[in-house]
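# Topology and contacts: notes
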Amino acid sequence: MFVSFFPRPKLFFLSAVLWSAVLIALWYLGGARLGGLFGLPPAAPDAPPIIGISVFWSTPFIWFYLYFIAGALIFYAFWRWFSPHPWLEWSILVTSVILFLLYFNVQVSVAVNNWYGPFFDYVQGLMAGTRQSTNAEFYAGASSFAWLALIGMNVSVVNAFVVQHWIFRWRTAMNDYFMENWGKLRHIEGASQRIQEDTMRFSQIMEDLGSSFVTSIMTLIAFVPVMLELEKHISELPIIGAVPHPLLVAALGWCLFGTLSVMLAGIKLPGLQFRNQRVEAAYRKELVYGEDHADRAQPATTTELFGNVRRNYFRLYAHYVYFNVVRYTYLQADNIFSFIILGPSLVAHKITFGPLNQISNAFGRVTSSLQFLLNSWSTIVELQSVHKRLRAFEATLRGEPLPDIDQLYLEHRAKLGQEAAGAE
């Protein structure tokens, strides 16, 4: 699944994580200031944030673009020398482009959050009648958001286009790799489906989860400093009282509670999803045989196979009931949790309309990032079931025993064959 697209996957992903950590550490330990040597100095510590789209061509951002490109090219050059691979341009260079576009959209969110403060304080002044303004001034402030939204939308469109091609290239790599070994794999139950469909689903799910995970990490890195800055408006938490860094404590505690609750509620779903794919594949395979052989797909056989499908689906539905109760109850409560946290500060008149929107948005971004497992659990369940199916291919190619569930299937087929032979 991975060796077809990435060079020496275990070492590759370990080196990618370590290199990313090194680049991040160097950036915060002085790399951001190195731009001054090239005429691209960082913003002054006491400088107010740049409001609007112009932030993206400010000198600190231009220096980061160059820093990111240099880091990606160094990593690519190392792997081009250390372990050449036919898909290296896509697995490193195009992946770097996708990561950059994800980072850029996170920064658009930060820029929007910075826009919230002054604009909504301005709106509050208009509503209270304490500030005089003109239509031109109002629409100028609104247009600043419109430009940010426009650039964010277009970057998302470009990223979606690149990702679609990236997914298909990974599927192509897996398809070519497995088809080269088709003679060894064809005896595995549902081999054709696993190559035709599961490779596509695996690459799509991995990209979706990978993008979500990376975006979550980038959002945390970008918004945690924003929350720390906004904590000056928050004096204490409900029930708990005054604690250091109240917003971060509330976000971490709330997300940990939700994630553990959902994981516990959905602990049985991966196995059920995999069994669901297996019984569907068995039913589909018998129907395919019935297209060419009159003695196959007889009513008694298809009734039994579809009965297996029905039982597994109904069992899956039953388990999803309590999983969805836990998940949706938590997500509904999550919609108002930030306002509960801000309650004491609102009652004490310590916060205005602008910071209220900034804190709510930043808190939502951070909690959404920390809720990665919660929001992605259904997708992770599907990935586990697909991975189990493709794992049988890798076990066969490595000369390892098949996974237990595939061995049970082969034993069942062998038993049916013996019974058929005895009947004849």
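Since the model is a prediction, treat every value here as computed from it, not as a measurement.

Cut-offs used in this document
Residue indices begin from 1 for each chain and proceed along its sequence in written order. Confidence filtering applies because this is a predicted model: local features only for residues at pLDDT of at least 70, side-chain atom pairs given and counted only at 80 or more, and all residues used for totals across whole chains, interfaces and linings. Side-chain metrics rest on all non-hydrogen atoms present in the structure, leaving aside hydrogens and water. A helix here means a DSSP run of H or I that spans at least four residues, while a strand means a run of E at least two residues long, and both kinds are numbered starting from the N terminus. Exposure is judged per residue with a 1.4 Å probe applied to protein chains only, and the accessible area is read against the type maximum: over 50% gives exposed, under 20% gives buried, and values in between give partly exposed. Contact between two residues is taken to exist if any of their heavy atoms lie within 4.5 Å; hydrogens are not considered. Shrake-Rupley sampling with a 1.4 Å probe provides the accessible areas, and residues are treated as covered by the protein chains on show and by no other component. Values of pLDDT, which run from 0 to 100, indicate the predictor's confidence residue by residue. What the bend at a residue measures is the angle between two axes, fitted to the seven residues ending there and to the seven starting there. Only Phe, Tyr and Trp rings take part, Trp by its six-membered ring, and two of them pair if their centres are within 6.5 Å. Stacked means planes under 30 degrees apart, edge-to-face means over 60, and tilted covers everything else. UniProt positions are given in the numbering used here, feature names are shortened, and annotations may be inferred rather than shown by experiment. In this analysis an axis means a line fitted to C-alpha atoms, helices contributing only their contacting stretch, and an angle means the value between N-to-C directions, from 0 to 180 degrees. Note on terminology: angles under 35 degrees are roughly parallel, angles over 145 are roughly antiparallel, angles of 65 to 115 are roughly perpendicular, and the others are oblique. We call a crossing left-handed when the near helix sits turned anticlockwise from the far one by less than a right angle, and right-handed when that turn is clockwise. Ten residues, namely Ala, Val, Leu, Ile, Met, Phe, Trp, Tyr, Cys and Pro, are considered nonpolar, four, namely Asp, Glu, Lys and Arg, are considered charged, and the remaining ones, Gly among them, are considered polar. In a helix, the anticipated span is given by 1.5 Å times the number of residues less one. Like-charged residues within 9 Å of one another, or nonpolar side chains (Val, Leu, Ile, Met, Phe, Trp, Tyr) within 5 Å, are grouped into patches, provided each residue has over 30% relative accessible area and no salt bridge. Should a side-chain nitrogen of Lys or Arg be within 4 Å of a carboxyl oxygen of Asp or Glu, the pair is scored as a salt bridge. Charged residues are defined narrowly, with Lys and Arg counted positive, Asp and Glu counted negative, and His plus the chain ends left uncounted. A charge is said to be at NZ when it belongs to Lys, at CZ for Arg, at CG for Asp and at CD for Glu.

### Section: the overall build of the protein chain
Helix and strand counts for the protein chain stand at twelve helices and zero strands. Counting across all 424 residues of the protein chain, residues that qualify as buried make up 42%. For the protein chain, the share of sequence-separated contacts (at least 6 apart) that also reach a separation of at least 24 residues comes to 78%. Accessible surface, the protein chain: about 23000 Å² in total, of which carbon and sulfur atoms supply 66%.

### Examining the side chain of Ser4
By the element assignment, Ser4 lies in the segment before α1 (9–34). According to the relative accessible area criterion, Ser4 is buried, its value standing at 7%. Contacts of Ser4, omitting those with residues within four sequence positions, involve His85, Trp87, Trp170, Ala173, Met174 and Tyr177.

### Describing the side chain of Asn312
Note on placement: Asn312 falls in helix α9 (residues 299–347). Judged by its relative accessible area of 9%, Asn312 is buried. If sequence neighbours within four positions are ignored, Asn312 has contacts with Leu272, Arg275, Asn276 and Val279.

### Describing the confidence of the model for the protein chain
With 87% of its residues at a pLDDT of at least 70, the protein chain reaches an overall mean of 80. The spread of mean pLDDT over the elements of the protein chain runs between helix α12 (residues 404–423), the lowest at 53, and helix α2 (residues 59–82), the highest at 94.

### As for α1
An α-helical segment advances 3.6 residues per turn. Residues three or four places apart therefore align on the same side. Residue Tyr28 marks the point of greatest curvature in α1, where the axis turns by about 70 degrees. When we look at burial in α1, the residues that qualify are Pro9, Phe12, Ser15, Leu23, Trp27, Gly30 and Gly31.

### Structural notes on the packing of aromatic side chains
As enumerated under the stated definition, the model contains 45 aromatic pairs in all. For the pair Trp79 and Phe82, a centre-to-centre distance of 5.4 Å together with 80 degrees between the ring planes defines the contact as edge-to-face. Linking Trp79 with Phe82, this pair stays in helix α2, spanning three residues, or about one helical turn. Each ring, one from Trp115 and one from Phe120, has its centre 5.9 Å from the other, and the planes form 75 degrees; the classification is edge-to-face. Across the pair, Phe120 and Trp115 agree in class, each one buried.

### Observations concerning the UniProt feature "transmembrane region" (unreviewed entry) in the protein chain
Taking the numbering used here, the UniProt-annotated feature "transmembrane region" (unreviewed entry) corresponds to residues 12–30, 50–78, 90–112, 145–168, 209–228 and 248–267. For residues 50–78, the helix share is 69%, the strand share is 0%, and the end-to-end C-alpha distance is 37 Å. The span residues 209–228 is 100% helical and 0% strand by assignment, and the distance between its end C-alpha atoms comes to 28 Å.

### Focus: the packing of α9 against helix α10 (residues 353–370)
The geometry of α9 relative to α10 is characterised by a closest axis approach of 10 Å and an angle of 135 degrees between their N-to-C directions. With respect to each other, α9 and α10 are oriented oblique. Here α9 and α10 pass one another in a crossing that is right-handed. Here Asp334, Phe337, Ser338, Phe339, Leu342 and Leu346 of α9 lie close against α10, whose contacting residues are Leu356, Ile359, Ser360, Phe363 and Thr367. The class makeup of the residues in the contact of α9 with α10 is seven nonpolar, three polar and one charged.

### Thoughts on helix α8 (residues 269–292)
With 24 residues, α8 extends 36 Å between its outermost C-alpha atoms, agreeing within 8% with the 34 Å of an ideal straight helix rising 1.5 Å per residue. Regarding α8, the residues found buried are Leu269, Pro270, Leu272, Gln273, Phe274, Asn276, Gln277, Val279, Ala281, Ala282 and Glu286.

### Overview of a nonpolar patch on the surface
On the surface, a cluster of nonpolar side chains totalling about 630 Å² of accessible area is made up of Leu11, Leu14, Leu18, Phe78, Trp81 and Phe82. Elements with a contribution of two residues or more to the nonpolar patch: α1 and α2. By the secondary structure assignment, Leu11 is in helix α1. Here Leu11 falls in the partly exposed class, since its relative accessible area comes to 36%.

### Regarding a positive patch on the surface
A cluster of like positive charges, contributed by Lys268, Arg275, Arg315 and Lys388, occupies part of the molecular surface. Tracing the backbone shows Lys268 in the loop between α7 (246–265) and α8.

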